[in-house]
Amino acid sequence: MSKIVAIVGRPNVGKSTFFNRLTESNHSIVDSVSGVTRDRIYGKSHWNGVDFSVIDTGGYNLKVDELFNEEINNQVNLAINESDLIIFLVDVKSGVTPQDEYFCDILRKTRKKVFLVVNKVDNNQMIKNSYDFYSLGLGDYFYISANNGFGTGDLLDELIKHFPDAIEEEENDKVVFSIAGRPNVGKSTFINTLIEDNRTIVTDIAGTTRDSIYINYKKFGYDFKLIDTAGLRKKNKVSEDLEFYSTLRTIKSIEKSDVVFLLIDAQNGVESQDLNILNIIINNNKGVVILINKWDLIDNKQEININLEKQKIVDKIQPFSDVTIMFISALKRQRVLKAIDEGLSVYKRKNNNISTSKLNDFILKLVSDYPPPIVRQNRPKIKYCTQIKNLDYPSFILFCNSPKNIKDPYKRFLENKIREHFNYTGVPIKLNFRQK
């Protein structure tokens, strides 16, 4: 099940600051000028074992005659419709405003759970001032300071209780593959070739597939579910409300997948938006296979060294480089079924559970031969390792005496060695370091 939280509210109430705190990033621009966030920004958050996506929306503005405001308002409405939970952020320093009241009228029409959150509560007097927000009629509220984190823990404790239950549908035991990529890279052609039917519309117009299409596939000994996602455009091209809707649906489709086939146009090569899509896949802990499509259109492919071409792609997608890269032609039916075979292999690797004894035999010898670097005259010691069970992706806990002194280069070293030894090609893995 998807878990998407939209942060909404009028301009300059601290939505971007709160987004940055939840996602532990600086992706949103934070500025004292109202309405800085124009595009929707997506990130991943984690709280008490629950992963969920966060959308930072632009400030809802009543002055629709101003530049961008009408489009921002429409896209905020779409974010409300596509999210599972809504955080309605208000500013205690400004008190209840007409814009807050107008926003309340909109939120009352949705059936989604709405959390009223009073921001910028930095002292006891501000707590008393927050009582005024009962007048909005949304019931109990949470008061926080997005700037210093005060109150966010209590809010998140309650928030994760209200995500939709992960109720399994009849066919949810099937492997779910999604086809993702920029517009016009051949996603629909790939599916039509696979199912031997013109089930999805194929045109030369980029972005024909606006919504995600779900297809049950049972042929040639395979039995899985396919999702044809809408093409993801660059941010500066996501100007239509329909395009924003497609982008949201793409993210939801990736969240519902086990493995994602990332299609890249052989004629254009790896572009920045391909890397953005790959990051969405990795941040959602999904398996991935990279397919370089339209290989039949490369005139001089006989003279091309495939290994060198793969290495160029690996260099661009660093640091996540342990992934299968295949050169295919969906139109000419070249290596399409081999791609599916690889997707199934990635799925099996993604669900590979390693016994604690085997894991510790490997990790403890590795850290003994290659110990962590000394930090402030002390060398961190990793004493024990175990895999977290009941997750749909590989995640490991490494217990050590000083987790803060395990630096990123050494973490990547351990991750790469685990990948290599236990064969996790195409699978994002997570290492968690805890105090022993």
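Just so you know, these numbers come straight off a predicted model, no measurement behind them. Sequence order as written defines residue numbering, which begins from 1 separately in each chain. Restriction of local features to residues with pLDDT of at least 70 applies here, the model being predicted, together with a cutoff of 80 or more for giving and counting side-chain atom pairs; totals for whole chains, interfaces and linings are based on all residues. Hydrogens and waters are ignored; side-chain quantities use all the structure's heavy atoms.

Some details on the overall build of the chain
And then number 1: When helices and strands are tallied, the chain shows 12 helices and 15 strands.
And then number 2: Here the term buried applies to any residue with accessible area under 20% of the maximum for its type, exposed to any over 50%, and partly exposed to those in between, with areas from a 1.4 Å probe on protein chains only. Here the chain holds 436 residues, and the buried ones make up 52% of them.
And then number 3: Should any heavy atoms of two residues lie within 4.5 Å, those residues are counted as being in contact. Across the chain, contacts joining residues at least 24 apart in sequence account for 70% of those joining residues at least 6 apart.
And then number 4: Roughly 21400 Å² of accessible area belongs to the chain as shown, and the carbon and sulfur atoms make up 46% of that amount. A run of H or I in DSSP counts as a helix once it spans at least four residues, and a run of E counts as a strand once it spans at least two, with each numbered from the N terminus. Each accessible area is a Shrake-Rupley result for a 1.4 Å probe, and residues are judged covered by the shown protein chains and nothing else.

Details of the side chain of N405
And then number 1: Among the secondary structure elements, N405 is positioned in the loop between β14 (395-400) and α12 (408-422).
And then number 2: There is a polar contact of 3.1 Å between the side chain of N405 and the side chain of R376.
And then number 3: In this view, N405 contacts V375, R376 and P380; residues no more than four positions away in its chain are not counted. Definition of a polar contact: a pair of N or O atoms within 3.5 Å, with one able to donate and the other able to accept a hydrogen when the atoms are protein atoms, and with sequence-neighbouring residues admitted only if both atoms are side-chain atoms.

Observations concerning helix α10 (residues 336-350)
Residue pairs spaced three or four apart in an α-helix point in one direction, given the helix's 3.6 residues per turn.
And then number 1: Expected helix span is taken as 1.5 Å per residue step, with the number of steps being one fewer than the number of residues. Given a rise of 1.5 Å per residue, 15 residues ought to cover 21 Å, and the 21 Å separating the end C-alpha atoms of α10 matches this to within 8%.
And then number 2: Where α10 is concerned, the buried positions are V336, A339, I340, E342, G343, V346, R349 and K350.
And then number 3: On the buried face of α10, the contacting elements are β7 (175-181), α6 (187-195), β9 (224-228), β10 (259-265), β11 (287-293) and β12 (325-327).

Examining the pairing of strand β4 (residues 85-91)
And then number 1: The buried fraction of β4 is high, at 7 of 7 residues.
And then number 2: Here 4 bridges tie strand β1 (residues 4-8) to β4, and the two strands are oriented parallel to one another. Its bridge partner lying in β4, V8 is registered against F88.
And then number 3: With 7 bridges joining them, β4 and strand β5 (residues 113-119) adopt parallel strand pairing. Its bridge partner being in β5, L89 is matched across the sheet by V117.
And then number 4: For crossovers, right-handed means that the path from the first strand over the helix to the second runs clockwise, given strands pointing away from the viewer. Taking the sense of rotation as the criterion, the β-α-β connection linking β4, helix α3 (residues 98-107) and β5 turns out right-handed. Strands pair, by our definition, only if DSSP identifies at least two bridges between them.

Looking at the sheet that holds strand β13 (residues 382-387)
Each strand in a sheet pairs with another by means of backbone hydrogen bonds, the pair being arranged parallel or else antiparallel.
And then number 1: Across the sheet, which stays open at both edges, the 3 strands sit in the order β13-β14-β15 with mixed pairing between neighbours. Each edge of the open sheet is held by one strand with a lone partner, namely β13 and β15 (430-435). Neighbouring strand axes in the sheet, compared pairwise and without regard to direction, differ in orientation by 25° on average.
And then number 2: Here β13 pairs with β14 via 5 bridges, running antiparallel. Bridge pairing in β14 places Q387 opposite F396.
And then number 3: Set on the sheet, α12 makes contact with β13, β14 and β15; between it and β15 the angle comes to about 125°. Working convention: axes come from line fits to C-alpha atoms, limited for helices to the stretch in contact. Angles between N-to-C directions cover 0 to 180 degrees.

Notes on the packing of helix α11 (residues 356-369) against α12
And then number 1: Where α11 meets α12, the closest approach of the two axes is 11 Å, and the angle between their N-to-C directions is 135°. On the basis of the axis angle, α11 is oblique to α12. Our pair here, α11 against α12, has a crossing hand that is right-handed. Together, K358, L359, F362, I363, L366 and V367 of α11 and Y410, F413, L414, K417, I418, H421 and F422 of α12 make up the contact between the two elements. In what follows, roughly perpendicular refers to angles from 65 to 115 degrees, roughly parallel to angles under 35, roughly antiparallel to angles over 145, and oblique to any angle outside these ranges. Note: crossing handedness is left-handed where the near helix turns anticlockwise from the far helix by less than a right angle, and right-handed where it turns clockwise.

What to know about the nonpolar core
And then number 1: F190, L226, I382 and F396 are the most contacted members of the largest nonpolar core, which has 46 residues in total.
And then number 2: In terms of residues, this core owes the most to one element, α11, which gives 5 residues.
And then number 3: Beyond its immediate sequence surroundings of up to four residues, I382 is in contact with I363, L364, V367, L398, F399, C400, I406, Y410, L414 and F433. Residues belong to one nonpolar core when they are buried, are Ala, Val, Leu, Ile, Met, Phe, Trp, Tyr or Cys, and are joined through side-chain atoms within 4.5 Å.

Brief notes about the confidence of the model for the chain
And then number 1: With 80% of its residues at a pLDDT of 70 or more, the chain has an overall mean of 81.
And then number 2: On a scale of 0 to 100, pLDDT captures the predictor's confidence in every residue. Within the model, pLDDT remains below 50 along residues 166-171, and this stretch shows 6 contacts once partners closer than five positions in the same chain are excluded.
And then number 3: Low confidence marks residues 199-211, where pLDDT is under 50. Its contacts with residues over four positions away, or in another chain, come to 36 contacts.

Regarding helix α1 (residues 15-23)
And then number 1: Here α1 lies mainly inside the structure; 7 of its 9 residues are buried.
And then number 2: Just beyond α1, the residue with positive phi is E24, at close to 50°.

Things to note about unusual backbone geometry
And then number 1: A cis amide bond links Q318 to the next residue, P319, at an omega of 5°.
And then number 2: Considering the arrangement of structural elements, one finds P319 in the loop between α9 (306-316) and β12.
And then number 3: With a phi close to 70°, N12 is a non-glycine residue in the positive phi region.
And then number 4: Structurally, the position occupied by N12 is in the loop between β1 and α1.
And then number 5: Assessed through its relative accessible area of 35%, N12 is described here as partly exposed.
And then number 6: A positive phi angle is found at N184, which is not glycine, with a value near 70°.
And then number 7: Mapped onto the secondary structure, N184 falls in the loop between β7 and α6.

A closer look at the packing of aromatic side chains
And then number 1: Working definition: a ring pair exists when centres of Phe, Tyr or Trp rings (six-membered ring for Trp) sit within 6.5 Å. Plane angles under 30 degrees give stacked, over 60 give edge-to-face, the rest tilted. Applying the stated criterion across every chain, the model contains 18 aromatic pairs.
And then number 2: Between W295 and F327, the aromatic rings sit 4.6 Å apart at their centres with planes inclined by 55°, giving tilted as the arrangement. A residue pair is termed long-range when its members are at least 10 positions apart, and W295 in the loop between β11 and α9 and F327 in strand β12 qualify at 32 residues. For the pair formed by W295 and F327, the shared burial category is buried.
And then number 3: Cluster of aromatic residues (ring-pair linked, three or more members): F177, F190, Y217, Y222, F224 and F261.
And then number 4: Only when the NZ of Lys or the CZ of Arg is both within 6 Å of the ring centre and within 35 degrees of the ring normal is a charge said to sit over the ring. When the ring centre of F115 is taken as origin, the NZ or CZ atom of K113, which lies over that ring, is 5.3 Å away.

Thoughts on the environment of Y131
And then number 1: With respect to the helices, strands and loops of the structure, Y131 is situated in the loop between α4 (124-129) and β6 (142-143).
And then number 2: For the pair Y131 and Y141, spaced 10 residues apart in sequence, the C-alpha separation works out to 9.2 Å.

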